There are 2 protein chains.
Amino acid sequence: MTETSEPTPTDILPSGAEIETRRSADGSERAYNTIRKLLVEFKLKPEERINEVHLAKTLGVSRTPIREALNRLASEGFVSLTPNRGFFVRSLSTEGLLDLYELRSIIECAAFRLMCDRADDDQIDRLRGYWDAIVDGYRDHPPDVILTEDEGFHLLIAELSGNPELFNQLSAINARIRFIRRIQIEHRSHNKNQVSSHSAIVAAAIRRDVEGGVELLRQHIEMTVSATQQALKDALLKVFSPSEPTARKHRGRPRSA
Amino acid sequence: MTETSEPTPTDILPSGAEIETRRSADGSERAYNTIRKLLVEFKLKPEERINEVHLAKTLGVSRTPIREALNRLASEGFVSLTPNRGFFVRSLSTEGLLDLYELRSIIECAAFRLMCDRADDDQIDRLRGYWDAIVDGYRDHPPDVILTEDEGFHLLIAELSGNPELFNQLSAINARIRFIRRIQIEHRSHNKNQVSSHSAIVAAAIRRDVEGGVELLRQHIEMTVSATQQALKDALLKVFSPSEPTARKHRGRPRSA
DNA sequence: GAACGCAATAGTGTCGACACTTTCTTGACG
DNA sequence: CGTCAAGAAAGTGTCGACACTATTGCGTTC
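Residues numbered from 1 in each chain as written. Chains lettered and ligands numbered in written order. Predicted model: local features only at pLDDT ≥ 70, side-chain atom pairs only at ≥ 80, totals over all residues. Heavy atoms only, no water.

- As recorded in an unreviewed UniProt entry, chain A goes by GntR family transcriptional regulator and comes from Neorhizobium lilium.

Okay, structure coming up:
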């Protein structure tokens, strides 16, 4: 039994990334980005054990940069590390996601509050400008673009809060929920509401209406959450539909996160 | 000039950790803990470039586990990584710290809110019990103990919020500001206030007084911040006082954080 | 034929080596 | 004297190899 269901190297690579033979272009960084992409796109499935040698062959580098990337991803919550047993893809549980959304809501509301307090009119105008520039075609853009634009909107608020830590936190959270948001946006069930939400948030910012804006944001995110509930079911279906055998359970307690 | 001011291996090691010759005890994890300790205790100074080979020799392991540890520490904001130039100790700037405290305040207030909302009476009683058990000798404990107890108190609130992400976030933040908190506690300037603050917060939790408790927390942390301002000056003095030549500036932009 | 070991296999954790890049030193030139 | 360039030294990034651990598969025993 050399290998049966095991995918051969290259078959899980995103189309964009081909194996590089020449030595250049920072392997560790590239590995990080590629693996991250694999995780976001479910090419590596939840709970699955990550085989370093296989991954290394696939990316055409040695295990060293792979492990460095995986360690970074572990700190960021994408994978978990169990000593002597290796890395596992973070599980795809509903509760975990809701916790993450809750955290996101906390961070964003605080950011909005601070932005109203500290940003000058020019900066608020940057927010308005950002949204005005994309609002027109918004709903008709491809999912990936919508996702980027939406994240950009919220990240801009975090940036205008004047506290870079908030920006960083939100970036990290975004990365972790991107995979599900992508699916959710493909649903397109509530994208219309999203547009009006964003516009309303901008308006509140211009009015410096802290409480109103915070409430809007909270609702906006909560709405996203409920949409996510449905999307999650689809995701589970999508991920495990090719009758792939469910990854085996593992004992032991993963380290950190 | 082989080495003059360069510290020889072993002279920066915390007394607890001696070089292990035998192979066991998970080198990467141990390296992580040791380096983290060095950072917290200013044995590695802000802005300083980290020499991997030197560190490896000091810890008695090869560079591989060192690099794994440093990558983790980079994700957690302790050090930064500039490609081809290596790891640098995170800088010790006032603004950065204030941002971190602000984030901490946001997380903690949200956690308190959620705790009041979701924790049952038994859980609230755990908080009361935790504080009752340590309140007596609190002010007379050694700084490290106070720090652990204080962090434990706040972490317990985060835990009782029912959202593990909040707990994780707060843990990460705590780790990053621990070095300065330690110095600040040695000051002991406001430890008395701290005791009454904690008691008041517990009381608010028992009353399920969300707004009151949040306000107390906010003040509690703000007070800590102002104490930190002073502590920071001391820290800078302490760190750079042995007339150590200031680490040289470096060009280039560090990656991530 | 189910449970239990035991050998074989697969996979992680760490090492030392080396290529490439950055930084320091030295010495020629203005 | 200061500037610059070339070479030397130091240091990072990656590799392949190997030791040790976990897992799988097989044969034995009850």
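A closer look at the protein's contact with DNA strand C
Part 1 of the argument: Surrounding DNA strand C, one finds 24 residues, the nearest of these being Arg63(A), Arg67(A), Gly27(B), Ser62(B) and Arg85(B).
Part 2 of the argument: By atom count, sugar and phosphate contribute 71% of the portion of DNA strand C lying within 4 Å of the protein.
Part 3 of the argument: Between DNA strand C and Asn84(A), the relevant distance is 3.0 Å, taken from a phosphate oxygen to a main-chain nitrogen or oxygen of the residue.
Part 4 of the argument: Ser28(B) is positioned such that a nitrogen or oxygen atom in its backbone is 3.2 Å from a phosphate oxygen of DNA strand C.
Part 5 of the argument: Secondary-structure elements contributing two or more residues to the surface near DNA strand C are helix H3 (63-75) of chain A together with helix H1 (27-40) and helix H3 (63-75) of chain B.
Part 6 of the argument: For the surface near DNA strand C, the leading source of residues is H3(B), giving three residues.
Part 7 of the argument: For the surface near DNA strand C, the per-class residue count stands at five nonpolar, eight polar and eleven charged. (Near = heavy atom within 4 Å. Polar contact = N/O pair within 3.5 Å; in protein donor to acceptor, adjacent residues only side chain to side chain. Helix = DSSP H or I, 4+ residues; strand = E, 2+ residues; numbered from the N terminus. Nonpolar A, V, L, I, M, F, W, Y, C, P; charged D, E, K, R; others polar.)

Points about unusual backbone geometry
Part 1 of the argument: One non-glycine residue, Asn84(A), lies in the positive phi region at around 70 degrees.
Part 2 of the argument: Relative to the helices and strands, Asn84(A) resides in the loop between strand E2 (79-82) and strand E3 (86-89).

A few points about the sheet that holds E3(A)
All names here are of chain A.
Part 1 of the argument: Taking strand neighbours across the sheet as the criterion, the three strands line up as E1-E3-E2 in an open arrangement whose pairing is antiparallel. The open sheet has two edge strands with one neighbour each: strand E1 (49-50) and E2.
Part 2 of the argument: In terms of strand pairing, E2 meets E3 through four bridges, oriented antiparallel. Bridge assignment links Ser80 to a residue of E3, and that residue is Phe88. (Pairing = 2+ DSSP bridges.)

Structural notes on the pattern of salt bridges
Part 1 of the argument: Going through the model one piece at a time under the given rule, you end up with 34 salt bridges over all chains.
Part 2 of the argument: Between Arg208(A) and Asp121(A) there is a salt bridge; the shortest N-O distance is 2.8 Å. Of this pair, Arg208(A) sits in the loop between helix H8 (191-207) and helix H9 (210-240) while Asp121(A) is found in helix H5 (residues 121-135), placing the two residues 87 residues apart along the sequence.
Part 3 of the argument: Of the residues examined, Asp121(A) reaches a relative accessible area of 59% and is grouped as exposed.
Part 4 of the argument: We note a salt bridge from Arg207(A) to Asp209(A), for which the minimum N-O separation is 2.9 Å.
Part 5 of the argument: Residue classification places Arg207(A) among the exposed residues on the basis of a relative accessible area of 53%.
Part 6 of the argument: When salt bridges with common partners are traced through the structure, they connect Glu52(A), Arg63(A), Arg67(A) and Glu68(B) into a single cluster. (Salt bridge = Lys/Arg side-chain N within 4 Å of Asp/Glu carboxyl O. Buried < 20%, exposed > 50% of the residue type's maximum accessible area, 1.4 Å probe, protein only.)

A word on the environment of His187(A)
Residue and element names in this part refer to chain A.
Part 1 of the argument: Assignment of secondary structure puts His187 in helix H7 (residues 164-187).
Part 2 of the argument: What makes His187 partly exposed here is its relative accessible area of 32%.
Part 3 of the argument: Considering only alpha carbons, one finds His187 and Pro143, 44 residues apart in sequence, at a separation of 9.3 Å.
Part 4 of the argument: Setting aside chain neighbours within four positions, we find His187 in contact with Gln230, Ala231 and Asp234. (Contact = heavy atoms within 4.5 Å.)

Some points on the relation of the copies chain A and chain B
Part 1 of the argument: It takes a turn of 180 degrees to lay chain A on chain B, together with a shift of 0.0 Å along the axis; the resulting RMSD is 0.1 Å. Classification of the inter-copy transformation places it as that of a two-fold axis. (Least-squares fit on C-alpha atoms with pLDDT ≥ 70 in both.)

Examining the environment of Phe42(B)
Residue and element names in this part refer to chain B.
Part 1 of the argument: In this fold, Phe42 is placed in the loop between H1 and strand E1 (49-50).
Part 2 of the argument: According to the relative accessible area criterion, Phe42 is buried, its value standing at 8%.
Part 3 of the argument: Separated by 47 residues in the primary sequence, Phe42 and Val89 place their C-alpha atoms 9.6 Å from one another.

Some thoughts on the environment of Thr34(B)
Part 1 of the argument: In this fold, Thr34(B) is placed in helix H1.
Part 2 of the argument: Counting along the chain gives 25 residues from Thr34(B) to Leu59(B), while the straight-line C-alpha distance between them is 8.3 Å.

Quick look at the sheet that holds E1(B)
For sheets, the rule is that strands pair by backbone hydrogen bonds, running either parallel or antiparallel.
Part 1 of the argument: Here three strands make up an open sheet; going across it, the order is E1-E3-E2 (chain B) and the pairing antiparallel. Where the open sheet ends on each side, the last strands, each with one partner, are E1 and strand E2 (79-82) of chain B.

Comments concerning the interface of chain A and chain B
Part 1 of the argument: At the junction of the two partners, chain A supplies 26 residues and chain B supplies 26 residues.
Part 2 of the argument: Buried area between chain A and chain B, summed over both chains or domains, comes out near 2,400 Å², and the portion from carbon and sulfur atoms is 46%.
Part 3 of the argument: Counting every contact that joins chain A to chain B gives six salt bridges.
Part 4 of the argument: Note that Arg176(B) and Glu165(A) form a salt bridge whose closest N and O atoms lie 3.0 Å from each other. (Buried area = accessible area lost by both parts, 1.4 Å probe.)

Thoughts on the pairing of E2(A)
Part 1 of the argument: Residues of E2(A) alternate between two faces, with Val79(A) and Leu81(A) on one and Ser80(A) and Thr82(A) on the opposite face, all of them buried.
Part 2 of the argument: Where E2(A) folds back on E3(A), the antiparallel hairpin that results is connected by three residues, among which Asn84(A) adopts a positive phi of roughly 70 degrees.

Points about the protein's contact with DNA strand D
Part 1 of the argument: Residues in close proximity to DNA strand D total 24 residues, the closest being Gly27(A), Ser62(A), Arg85(A), Arg63(B) and Arg67(B).
Part 2 of the argument: Those atoms of DNA strand D that come within 4 Å of the protein belong to sugar or phosphate at a rate of 71%.
Part 3 of the argument: In the environment of DNA strand D, a phosphate oxygen lies 3.3 Å from a nitrogen or oxygen atom belonging to the backbone of Ser28(A).
Part 4 of the argument: Between Arg63(B) and DNA strand D, the recorded distance is 2.7 Å, taken from a side-chain N or O atom to a base nitrogen.
Part 5 of the argument: Within the residue set of the surface near DNA strand D, elements represented by two or more residues are helix H1 (27-40) and H3 of chain A together with H3 of chain B.
Part 6 of the argument: Here the surface near DNA strand D gets three residues from one element, more than from any other, and that element is H3(A).
Part 7 of the argument: Grouping the amino acids of the surface near DNA strand D by side-chain chemistry returns five nonpolar, eight polar and eleven charged.

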